[in-house]
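The lines below spell out each chain.
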Amino acid sequence: MEERTAAAPGLLGRPPDPGQPSPALEDWEAPGSPDPRAPSWRGWREVGTGAQHAVPAEASEWTSWFNVDHPGGDGDFESLAAIRFYYGPARVCPRPLALEARTTDWALPASVGERVHANPARGFWCLNREQPRGRRCSNYHVRFRCPLEAAWGAWGAWGLCSKSCGPGRRLRRRSCQSSSGDKCPGSPQEVQKCVRSRCPGCSSDTCGCPDHILLGSVITPSGQQLSGARVFLRARPGTVATSDTHGTFRVPGVCAGSQVNVSAQMNGFSAGTAQAHANSSNSAVVTIILKELGKPYLVKHPESRVQEAGQKVTFCCKASGTPMPKKYSWFHNGTLLDRRQHGSGPHLELRGLREDQAGEYHCKAWNEAGAVRSRAAQLTVLAPSQPACDPRPQEHLIKLPDDCGQPGGSPAYLDVGLCADTRCPGPVDSGPRCGDAGSRCCSVLRLESKEIRCSGYVLPVKVVAECGCRKCLPRRGLVRGRVVAADSGEPLRFAGILLGRAPIGFTSYQGDFTIEVPPATERLVVTFVDPSGEFVDSVRVLPFDPRGAGVYHEVRALRKAAAVLLDAERGGAIPLGGAEEAAAAPALGELVLPPGTFRYPDGRPYAGPVEARVTFVDPRDLTSASAASSDLRFLDSSGELAPLRTYGMFAVDLRAPGSAEQLHAARAAVRVDAEHVRMPGHAEALALWSLEPETGLWKVEGVEQGGGGFRREEAAARVRREERAFLVGALTVRERRLFNLDVPERRRCFVKVRAYGTDRFAPAEQVQGVVVTLLNLEPAPGFTGNPRAWGRFDSVVTGPNGACVPAFCDAEQPDAYTALVTATLGGEELEAAPSRPRATAATVGVAQPYLERLGYQRTDHNDPALKRTGFRVNLARPRAGHESEARGPVYPWRRLRDCEDAPVTDSHFRFSRVEADKYEYDVVPFREGAPASWTGDLLAWWPNPQEFRACFLKVRLQGPQEYMVRSHNAGGTHAATRGRLYGLRDTRSVRHPERPGVSAACVEFKCGGMLFDQRQVDRTLVTVTPQGSCRRVAVNTLLQDYLARHPPLAPNDDDPAAFAMLAPLDALGHNYGVYTVTDQSPRLAKEIAIGRCFDGSSDGFSREMKADAGTAVSFQCREPPARPSLFQRLLENPESALGDIRREMGQATRDSPVAQTQAGDTDRFGVRPGQ
């Protein structure tokens, strides 16, 4: 076999020079255009050997495996760009050091004799036309080696000299390349002196040049001209000029070559400074850019720490804004720390820790526009002998299979234990860096094996025996979802995704998206931009689970309203919220655009036709809440996030016909009919707000003109001619295009909600990662047309102790505010606790008489035909002195910690999963909602805690009912696990909606592949068995052919009542009846795979079972013959009937608890100790 003598750059450890192209890639021609000059690469020995790489093991690590392309057509292509697109840009470091490729059978390219090409900076490809005759490329997957330590990139080019004459300086910069988020040591920029020719006329200081003049302009970053800006020179006292209506100014006597610094100030904008440059022998020009003042917002919050007494700790807080905040204050348990001792910077360092310094720490940051408060970080100070991790595991119950239950039919549970979710202190002399929350956690140190006696078999299980401090698994918050049109449900294809202002990718053809939450993120603000321009930009604050569990969201995009053609010289008014004639839903108000108000982005007046689209979100329509932008929050004067109550929000789109450029409106106004604002105090507090897309926060409009409030005026209605009162507010349409009619609300509470795996509401079955949404409903007097209007919405993700959802509440009148509460998990709607015929404390989870005051009703309370996926409740604030109201489920705003730490025995509202006909059992217990609970073991269902691969088999059943289907998953080809159980999965089939005699089940099985030690693959032995009298009648021909071509075959596959296979290593698709999804969240991977399995496609999603599409195996089931009654059997055959009775009585005696206790030393569940 021919071998290449020189490896391509980057494959043997040294990355290619960024300025040099890869020889292998540059010589690669498009398929169908062979180039005889292209170098071949046979027998690629270096790739995949591991020892050949020169990268030190402690400085780099391998990523997980990626497979984005299946061989077909021209070959197999695993480009780095495609991997980053489909798996997310954060999955591979910016500059991989090396690349490894293997076939999906884990063979090296050399062992299969195929010609391949690769470059760590570009990816991997195999061309069918380059292979030996009769051979095609195998299916490859690849991984990359990435540096662990942060490293500087190459220096950029030197910039221009800061002076056009005389001495100056120039800069060059470099960027920090880090896959782990660590900071690089040293400075990102370098300064060098530069000397130009001597400046003519005068010295570098401003001097008297009577014949010279300085010409300047003051603009915004978008080019809008600012009038009334005050201009200053450092060498001259006071204001030297003021910008005119065109934003320009003139200052005589400034030497052309002086390069003087000129500054400008204006109300509502941060101060700006720029340097003047000569443009002729006697004149200089300068352009000063002023940015609108922006309240500070946190980009890094202090993180909780665990340290021992005597050690040191560093908290870090970082804020951004316009201008950038430079003043910080630190607080301990709400008390301001002495700035003289601790300074006023973004870092707080405490040395020689004492136990009395434990508690909560938070920071505040200020700039000219306001302040912002960080979340609180908890500092735990341990005594020298105090353990950070209790070696004794806590209780964690798992449900055993039904045939392992207790006598009497009740389900059995087993305590498998879990370790506390706490951090451990670092080494004594380590001194954690700012931003490093510690890398050691309380984790499993030792497992013990036990056996469970079940009906006809023994079930193995591993339980936690000892806990201790070990290296933490990385916690990566993951958000997945789908963007669809709010009116039609069609996917928003290839929409741009912005994280703040930075673009991070696009939605897929089906509207799907995946976002990896950056570290230390408090609010995940995401904007979805429709490339076609048909939809309003969707700005969402997406809740996520900081513990690392994946969360699924369905985002609904609002279609833009039809265009209204206006004349810029005449202006016009556009209604907000419906036609004036519609008595059922009268317009809330109107947007008034006066004549001559339209401007180009640079401030020039616009004259001509205007296409105006004003899209209104009407809170009188309950369905509109899902399409509303942001989360209706703002920063109050103390720097804390506060909620808003909306009367409607609208998006403004102004363009010249046929133009893609947005127009501005300098003097617009909003007129709101006062008839719609009836709540006491709301007419006086109503203000006009605009949304800042980068922070997702709302800001009052027109602050520089004295505020965004409304004034009251009387006017005659144009239709009915009666006198009516209007609230009028001014606004300017510039960069921000989303507006809101809001009132700050101070009557706030938290509502405690928990989600459970079943409607038994067992504490051990709580489910994490559930998105709980609370929709505040307006009280009846709020609107004349529809008293069910919503005022705001909030969403929170459940953790190990449930969720606390913000809400408006009232102590005096219980029904002053009501709420509609729903919960979803991966797109699946959960079911609320029932309230028919009347709500009871035991079912709902709320003690009486508080439950009666809250008026709990499930959505089907008055109509059983409605969904049961939500409940309505009065938000009655708890009253002092009432014992039943002191422990939830509604908590005052200042008692958030009590709500978060409330035990499961306290009052709370409940949801449960509808899918009660599913059961999962793992020999090595793992909580999918808490990825950090993963334990490395050869029998672990999920072998890789960083990447979870879910596999499902679609089973079609023809019979008169729905059937339970079990998959038994054991080791198949791995020597250490062959024949040993990984786990069980039970799933009930779902009927085809149009075929009553056909149902199908999506049965999970353990994927084939590497085990956790990454040394050898195992093709899981999967046995699928339906309950009852079922017989296998068909197997997917493609799947059957694949299994025949990839021996060995599964043993005992001749059983007609079951289907057995060795799990494929390839990610087969719906044509095989196999559905495989890889994700960083196990729950999301399974939800997506189930949706595809229901749909019978490899890229679709459905909650309606399509039993005939994409099946792997089919069974014919029949009802078992009815057994005759005992009386009839005694009449027909007395001897046989009495024998049956004797055998049944003997079996019952052997199964009794007394007999089991005498049989051996077992516990109450039939568990006997193992090794």
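Scroll up to find the structure this text is about.
Counting of residues starts from 1 at the beginning of each chain's written sequence and follows it residue by residue. Residue-level local features of this predicted model are given only where pLDDT is at least 70; pairs of side-chain atoms are given and counted only at 80 or more, and the full residue set underlies all totals for whole chains, interfaces and linings. Processing note: side-chain calculations cover all non-hydrogen atoms of the structure and skip hydrogens and water entirely.

Caption draft 1: Quick look at the overall build of the protein. Counting from the N terminus, the helices are DSSP H or I runs at least four residues long and the strands are E runs at least two residues long. A count of helices and strands for the protein gives 13 helices and 77 strands. Evaluated residue by residue, the protein yields a buried proportion of 50% over its 1171 residues. For the protein, long-range pairs separated by at least 24 residues make up 70% of all intrachain contacts whose partners lie at least 6 apart in sequence. About 53,600 Å² of surface is accessible on the protein, with carbon and sulfur atoms providing 50% of the total. For each residue, the accessible area found with a 1.4 Å probe, counting protein chains only, is set against the maximum for its type, and the residue is called buried under 20%, exposed over 50%, and partly exposed in between. Residue contacts are defined here by distance: any two heavy atoms, one from each residue, within 4.5 Å place the two residues in contact. Exposure was quantified through the Shrake-Rupley algorithm and a 1.4 Å probe, taking into account, for residues, occlusion by the shown protein chains and nothing else.

Caption draft 2: Summary view of the nonpolar core. Here, the term nonpolar core denotes a set of buried Ala, Val, Leu, Ile, Met, Phe, Trp, Tyr and Cys residues that are joined through side-chain atoms within 4.5 Å. Counting 75 residues, the largest nonpolar core has F650, L654, V670, L741 and F909 as the members making the most contacts within it. With five residues, strand β53 (residues 748-756) is the single largest residue contributor to this core. Counting residues in each nonpolar core, the second largest holds 41 residues, with V416, I452, L939 and L1011 among its members.

Caption draft 3: Broad picture of helix α9 (residues 1037-1045). By the burial criterion, the buried members of α9 are L1039, Y1042 and L1043. All buried residues of α9 project into a common sector of 95° when viewed along the axis, lining one side. Seen from the buried face of α9, the exposed residues on the opposite side, beyond 90 degrees, are T1037 and R1045. Against β65 (948-958), β74 (1059-1062) and β75 (1074-1079) lie the buried residues of α9. Residues adjacent in sequence count toward polar contacts only when both atoms are side-chain atoms; beyond that, a polar contact is any pair of N or O atoms within 3.5 Å, and within protein one must be able to donate a hydrogen and the other to accept it. Between a side-chain oxygen at the N-terminus of α9 and the backbone nitrogen of L1038 the separation is 2.9 Å; the capping residue is N1036. Directions from the helix axis toward the C-beta atoms define the arc.

Caption draft 4: Structural context of the side chain of H664. Checked against the element boundaries, H664 lands in strand β47 (residues 664-673). Not counting residues up to four positions away in its chain, the partners in contact with H664 are S222, T597, F598, R599, Y600, P601, V733, R734, E735 and R737.

Caption draft 5: Representation of a nonpolar patch on the surface in the model. In this analysis, a patch consists of residues with relative accessible area above 30% that form no salt bridge, clustered at 9 Å for like charges and at 5 Å for the nonpolar side chains Val, Leu, Ile, Met, Phe, Trp and Tyr. When a carboxyl oxygen of Asp or Glu is within 4 Å of a side-chain nitrogen of Lys or Arg, the pair counts as a salt bridge. A surface patch of nonpolar side chains, amounting to about 600 Å² of accessible area, comprises F85, Y86, F494, F506 and Y509. Within the secondary structure, F506 sits in strand β35 (residues 502-506).

Caption draft 6: Quick peek at the packing of aromatic side chains. Side-chain rings of Phe, Tyr and Trp, where Trp is taken by its six-membered ring, are said to pair if the distance between their centres is within 6.5 Å; with planes under 30 degrees apart they count as stacked, over 60 as edge-to-face, and otherwise as tilted. With the rule as written, the count across this model stands at 19 aromatic pairs. Consider the rings of W65 and W106, whose centres lie 5.2 Å apart with planes at 90°: the pair is edge-to-face. Of this pair, W65 sits in the loop between β1 (60-62) and β2 (75-79) while W106 is found in the loop between β3 (98-103) and α3 (109-112), placing the two residues 41 residues apart along the sequence. Three or more aromatic residues joined by ring pairs form one cluster here, namely Y856, F871, F909 and F911. By definition here, charges over rings are those cases where NZ of Lys or CZ of Arg is within 6 Å of the ring centre and within 35 degrees of the ring normal. A cation over an aromatic ring shows up here: R604 above the ring of Y600, its NZ or CZ 4.3 Å from the ring centre.

Caption draft 7: Quick peek at the sheet that holds strand β37 (residues 525-529). Strand order in the open sheet formed by four strands is β35-β34-β37-β38, and the pairing between neighbours is antiparallel. Because the sheet does not close on itself, it has two edges, and the strands there are β35 and β38 (538-541). Taken over all neighbouring pairs, the strand axes of this sheet differ in orientation by 25° on average, direction set aside. When DSSP locates at least two bridges between a pair of strands, those strands are taken to pair. With four bridges connecting them, β37 and β38 associate as antiparallel partners. Residue pairing in the sheet places F528 in a bridge with S538 of β38. Note on geometry: axes are lines fitted to C-alpha atoms, helical ones only across the stretch in contact, with angles between N-to-C directions running from 0 to 180 degrees.

Caption draft 8: Molecular detail of the sheet that holds strand β64 (residues 918-922). Taken together, the five strands give an open sheet; going across it, the order is β64-β67-β66-β72-β74, and neighbouring strands pair in antiparallel fashion. Edge positions in the sheet fall to β64 and β74, since each of these pairs with one other strand and no more. Taken pair by pair, the neighbouring strands of this sheet meet at an average axis angle of 10°, ignoring direction.

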